[in-house]
Amino acid sequence: MTLTSPHLGSPSVWTDARLLYALEEVVEKELDRHLKVAKDWMPHEYVPWSDGRNFPGLFEDGEAWDKEQSKVTEVGRIALVVNLLTEDNLPSYHHEIATLFGRDGAWGTWVHRWTAEEGRHGIVMRDYLLASRAVDPDKLEQFRMAHMSEGFESDNRHSMLHSVAYVAFQELATRISHRNTGHQSGDPVCDRMLARIATDENLHMVFYRNLLKAAFELAPDLTMQAVRDVVVNFRMPGHGIPGFERAAAQMAIGEVYNLRIHHDDVLQPVLRFLKVLDIDGLGPEGRKAQEELGVFLGGLDSEARKFDEKLAARKARMAARAAH
């Protein structure tokens, strides 16, 4: 690891610039590993083009959109719009990480490679949605314009460590959201497409998770504080989408993404892999952050249990109504 002198272990001298330099070797190693395991794929091969037809506009034979034209479920439609609009903000995400991580060396190579891979996700999702008529194209474009016109500023742009910690969890959250959207979509074609995207997102998570592991080895106290802050204040990058709160509630009920999923399938796998709650030898601030993280996770699990109970009761009511 690129450490020039032992005194750099002192939290008081860990600037973003020094951390970026110290982690460059790890980034290069993880980038090489990523490029060996990542598989190129063609977005157009996942789109049911034969289902497509003209919309009203320049074409006299254009057919207006109607939700009955698609086999996608209502919760699938809602989640697909949220997922695509989140992917659409890629220019802002690129700006954020290129500004933070730089455009040179291994960091810069990763920034551009990640952006290129993420670009496929927006391409294939939009093509699928339009060809299969899964969503209202006019509303989709109106939402895109509104969302992107607002831009995006990361909650963690003030700190490289906070940003690395955030994306380690966020990439896994995105993978889970895409995968569950596919499961709940009602369309095998959609499920296959989102499974392909989820594979990419998982590789991105592994990259950042391994980088976070190296950060814990370099600056354990600062990294613990960053993880605590990110987990406690976590929100998805699509939170600025018009109507996001209502869509998120529907996705929670539809079991695409909710508190239980967030706790069990996003936070816990990363924290367990890194053994975050078992790290010892921390200073006072690191120990405090570790303890606060443990308390927060316990509270989140309790909140998730309450949600589970409400969801189970709702399902029981719906089953009872269907039976009569």
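Residues numbered from 1 in each chain as written. Predicted model: local features only at pLDDT ≥ 70, side-chain atom pairs only at ≥ 80, totals over all residues. Heavy atoms only, no water.

Attention now moves to the overall build of the protein chain. On a plain count of helices and strands, the protein chain comes out with 11 helices and 0 strands. If one aligns the C-alpha atoms of the protein chain with their principal axes, the spans along those axes are about 70 × 50 × 35 Å. When burial is assessed residue by residue, the protein chain has 50% of its 324 residues classed as buried. Once the 38 positive and 49 negative side-chain charges of the protein chain are each reduced to a mean point, those two points are 5 Å apart. (Helix = DSSP H or I, 4+ residues; strand = E, 2+ residues; numbered from the N terminus. Buried < 20%, exposed > 50% of the residue type's maximum accessible area, 1.4 Å probe, protein only. Lys, Arg positive; Asp, Glu negative; His and termini not counted. Charge placed at Lys NZ, Arg CZ, Asp CG, Glu CD.)

A rise of 1.5 Å per residue sets the reference length of helix α6 (residues 160–184), with its 25 residues, at 36 Å; its end C-alpha atoms lie 36 Å apart and thus fit the reference within 8%. Most of α6 sits out of view: 21 of its 25 residues are buried. Immediately beyond the C-terminal end of α6, within one or two residues, lies Gly186, with a positive phi of roughly 80°. (Expected span 1.5 Å × (residues − 1).)

Moving on, we get to helix α5 (residues 137–150). Between its first and last C-alpha, α5 extends 20 Å over 14 residues, near the 20 Å set by a 1.5 Å rise per residue. Along α5, the positions that sit buried rather than exposed are Pro137, Leu140 and His147. Down the axis of α5, the sector holding all buried residues measures 95°, keeping them to one side. For α5, exposure combined with an orientation more than 90 degrees from the buried face picks out Asp138, Gln142, Ser149 and Glu150. Where the residues of α5 are buried, they touch α2 (74–88) and α4 (105–132). (Arc of directions from axis to C-beta. Contact = heavy atoms within 4.5 Å.)

Before going further, it helps to examine the nonpolar core. Counting residues in each nonpolar core, the largest one holds 62 residues, and the members touching the most others are Phe101, Phe169, Tyr208, Leu211 and Val227. Elements supplying a minimum of two residues to this core: α1 (16–37), α3 (90–101), α4, α6, α7 (188–218), α8 (220–232), α10 (259–274) and α11 (284–323). For this core, the element with the highest residue contribution is α6, accounting for 11 residues. When sequence neighbours within four positions are dropped, the list of residues in contact with Phe101 reads Leu20, Trp107, Val111, Met160, Val164 and Tyr208. In this structure, Val47, Leu85, Met125 and Met193 belong to the second largest nonpolar core, which totals 28 residues. (Core = buried A, V, L, I, M, F, W, Y, C linked by side-chain atoms within 4.5 Å.)

Turning to the packing of aromatic side chains, a few remarks are in order. Scanning the model with the defined rule gives 6 aromatic pairs in all. Relative to Trp107, the ring of Phe101 has its centre 4.6 Å away and its plane inclined at 35°; by these criteria the two rings are tilted. Note on Phe101: relative accessible area 6%, which makes it buried. Aromatic rings pair up to connect Trp110, Phe207 and Tyr208 into one cluster. In this arrangement the basic side chain of Arg133 is found over the ring face of Phe55, its NZ or CZ atom lying 4.0 Å from the centre. (Phe/Tyr/Trp six-rings, centres within 6.5 Å; stacked < 30°, edge-to-face > 60°. Lys NZ or Arg CZ within 6 Å of the ring centre and 35° of its normal.)

With 96% of its residues at a pLDDT of 70 or more, the protein chain has an overall mean of 90. Of the regions scoring below 50 in pLDDT, residues 1–11 engages in 20 contacts with residues more than four places distant in sequence or in other chains. (pLDDT = per-residue confidence, 0-100.)

What follows is about the pattern of salt bridges. Scanning all chains against the criterion turns up 21 salt bridges. A salt bridge links Glu141 to Arg144; the shortest N-O distance between them is 2.8 Å. Taken as a pair, Glu141 and Arg144 lie in helix α5 at a separation of 3 residues, close to a single helical turn. Put simply, Arg260, Asp264, Asp301, Arg305 and Asp308 are held in one network by salt bridges that share partners. (Salt bridge = Lys/Arg side-chain N within 4 Å of Asp/Glu carboxyl O.)

The subject of this paragraph is the side chain of His121. Secondary-structure assignment places His121 in helix α4. In this structure, His121 is in contact with Trp41, Glu87, Ile197, Asp200, Glu201 and His204, ignoring residues within four places of it in sequence.

The next point concerns unusual backbone geometry. Trans is the common state for peptide bonds, and a negative phi is the common state for residues other than glycine. Positive phi, close to 55°, is recorded for Arg133, a residue that is not glycine. As for its position among the elements, Arg133 is in the loop between α4 and α5. Of note in the backbone geometry, Lys275 takes a positive phi value of approximately 55° without being a glycine. Within the secondary structure, Lys275 sits in the loop between α10 and α11. We classify Lys275 as exposed; its relative accessible area is 52%.

A word on empty space enclosed by the protein. Considering all chains together, one arrives at 2 cavities of 30 Å³ or more under this definition. Here the largest cavity defines a volume of roughly 310 Å³. What lines the largest cavity is a set of 21 residues, and nearest its centre among them are Tyr93, Trp114, Tyr166, Val167 and Gln170. Per-element accounting of the lining of the largest cavity gives the leading share, 6 residues, to α6. When the residues that make up the lining of the largest cavity are grouped by side-chain class, the tally is 10 nonpolar, 5 polar and 6 charged. Computed from the structure, the second largest cavity encloses a volume of approximately 40 Å³. Phe152, Glu153, Ser154, Asp155, Asn156, Tyr166, Arg235, Met236, Pro237 and His239 together form the lining of the second largest cavity. Here the residues of the lining of the second largest cavity sort into 4 nonpolar, 3 polar and 3 charged. (1 Å grid on protein atoms, 1.4 Å probe; cavity = no way out; pocket = protein on both sides within 12 Å on 5 of 7 lines; lining within 4 Å. Points joined across faces, edges and corners; volume = space filled by probe spheres on them. Nonpolar A, V, L, I, M, F, W, Y, C, P; charged D, E, K, R; others polar.)

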